[in-house]
Amino acid sequence: WAEPLAEGAVILRRRAREQAASLLAQVEAVAQSNPFHHRITPGGHRMSVAMTNCGDLGWSSDARGYQYTGEDSATGRRWPPMPQMFRLLAQACAQEAGFNYFQPDACLINRYEPGAKLSLHQDKDEKDLRQPIVSVSLGLPAVFQFGGFERGDAVQRVLLEHGDVVVWGGPSRLRFHGILPIKAGIHPLTGAFRYNLTFRRAR
Ligand code: MD3
Ligand code: FE
């Protein structure tokens, strides 16, 4: 069922649950060709979240900064193509939230181990910020923080569970957000991990 979270943000609880096992098999296939890496931030810190990508473009971070590129800087190879199932799910969910022409060209895959977190940040490396981001959570649950337009604004906390899909568009697109440290646990499909897929139109 669809619930508005804030203006432009819609949560589709459990929307991807039936497809979770197939989505995870595709995540494994992607990771086999371009393994998960802990990227280094421009400030020199190793991220606790491990990342890989699929699609024409992939997001990564290194000493030069944050950017979308056609190749994985760790391997020099192009990112694996976005699986058809990923694309169809992202487009269907975007449509259910009122975004009819979403054509993702990048899928960032985040892998969280217990204790991993993502500090408050804004996503603004994409060219057209009128395009939404579709996020799919799999495995262990996480507490998501949803703030305002300034780093110091109050945050709302939302539990994101296995199979939850959120579409972030409109004014929500530029809100600060983050993930609190993941609690240890074992999920039947993902073991000790949480995965998050974010579908983006990067250019
Ligand atoms: C709100 N990922 O990859 S997903 C990210 O769970 C990211 O891995 C988190 O933030 C994760 O950039 C949160 C939910 C999400 C994704 C993108 C957003 C929320 C967003 C962009 C704008 C506003
Ligand atoms: Fe983000």
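Residues numbered from 1 in each chain as written. Chains lettered and ligands numbered in written order. Predicted model: local features only at pLDDT ≥ 70, side-chain atom pairs only at ≥ 80, totals over all residues.

Looking now at the site of ligand 1. Looking at ligand 1, there are 17 residues lining it, with Asn 110, Asp 123, Ser 135, Trp 168 and Asn 196 nearest. Where the shell around ligand 1 is concerned, the elements lending two or more residues are strand E6 (106-112), strand E8 (133-139), strand E9 (142-146), strand E11 (165-168), strand E12 (177-179) and strand E13 (194-200). Here the shell around ligand 1 is built from residues that sort into eight nonpolar, six polar and three charged. (Near = placed C-beta within 6 Å. Helix = DSSP H or I, 4+ residues; strand = E, 2+ residues; numbered from the N terminus. Nonpolar A, V, L, I, M, F, W, Y, C, P; charged D, E, K, R; others polar.)

Pairing is antiparallel across the open sheet formed by four strands, whose spatial order is E7-E12-E9-E10. In this open sheet, the two strands that pair with only one neighbour each are strand E7 (118-121) and strand E10 (156-160). Strand-to-strand, the axes of this sheet are offset by a mean angle of 20°, without reference to chain direction. Bridge count for E9 against E10 is five bridges, and the pairing is antiparallel. Residue Phe 144 lies in a different strand from E10, and its bridge partner there is Val 158. (Pairing = 2+ DSSP bridges. Axes fitted to C-alpha atoms, helices over the stretch in contact; angles between N-to-C directions.)

Let us now look at the environment of Tyr 112. Note on placement: Tyr 112 falls in strand E6. Residue Tyr 112 is classed as buried on the basis of its 24 C-beta neighbours within 10 Å. Separated by 82 residues in sequence, Tyr 112 and Arg 194 have C-alpha atoms that sit 5.0 Å apart. Not counting residues up to four positions away in its chain, the partners in contact with Tyr 112 are Val 49, Ala 142, Ile 182, Phe 193 and Arg 194. (Buried ≥ 20, exposed ≤ 12 C-beta atoms within 10 Å, placed from the backbone. Contact = placed C-beta atoms within 7 Å.)

The seven strands are arranged E1-E2-E11-E8-E13-E6-E3 in an open sheet whose pairing can be described as antiparallel. Two strands close off the open sheet at either side, each with one partner strand: strand E1 (2-6) and strand E3 (50-55). Mean inter-strand twist for the sheet, computed between neighbouring axes without regard to direction, equals 20°. As paired strands, E3 and E6 are joined by six bridges and run antiparallel to one another. Within the sheet, the bridge partner assigned to Asn 53 lies in E6 and is Leu 108.

The next point concerns the environment of Ala 9. Inspection of the secondary structure puts Ala 9 in strand E2 (residues 9-12). What makes Ala 9 buried here is the crowd of 23 C-beta atoms within 10 Å. Beyond its immediate sequence surroundings of up to four residues, Ala 9 is in contact with Pro 4, Val 166, Val 167, Trp 168 and Ser 172.

With that settled, consider helix H1 (residues 20-33). Across its 14 residues, H1 extends 20 Å between first and last C-alpha, which sits within 8% of the 20 Å expected from 1.5 Å per residue. Along H1, the residues classified as buried are Ala 20, Leu 23, Gln 26, Val 27 and Val 30. Projected down its long axis, H1 shows its buried positions confined to an angular sector of 125°, all on one face. Turned more than 90 degrees away from the buried face of H1 sit Ala 21, Ala 25, Glu 28, Ala 29 and Gln 32, all of them exposed. Considering only its buried residues, H1 is in contact with E3, helix H2 (84-96), E6, E8 and E13. (Expected span 1.5 Å × (residues − 1). Arc of directions from axis to C-beta.)

Moving on: the UniProt feature "domain: Fe2OG dioxygenase" (unreviewed entry) in the chain. According to UniProt, the "domain: Fe2OG dioxygenase" (unreviewed entry) feature falls on residues 103-203. A distance of 10 Å separates the end C-alpha atoms of residues 103-203, which is 0% helix and 42% strand. (UniProt positions renumbered as here; feature names shortened; annotations may be inferred.)

Before going further, it helps to examine unusual backbone geometry. We note that Arg 14 has phi near 65°; this positive angle belongs to a residue other than glycine. Inspection of the secondary structure assignment puts Arg 14 in the loop between E2 and H1. For Arg 14, a count of 14 C-beta atoms within 10 Å corresponds to the partly exposed category.

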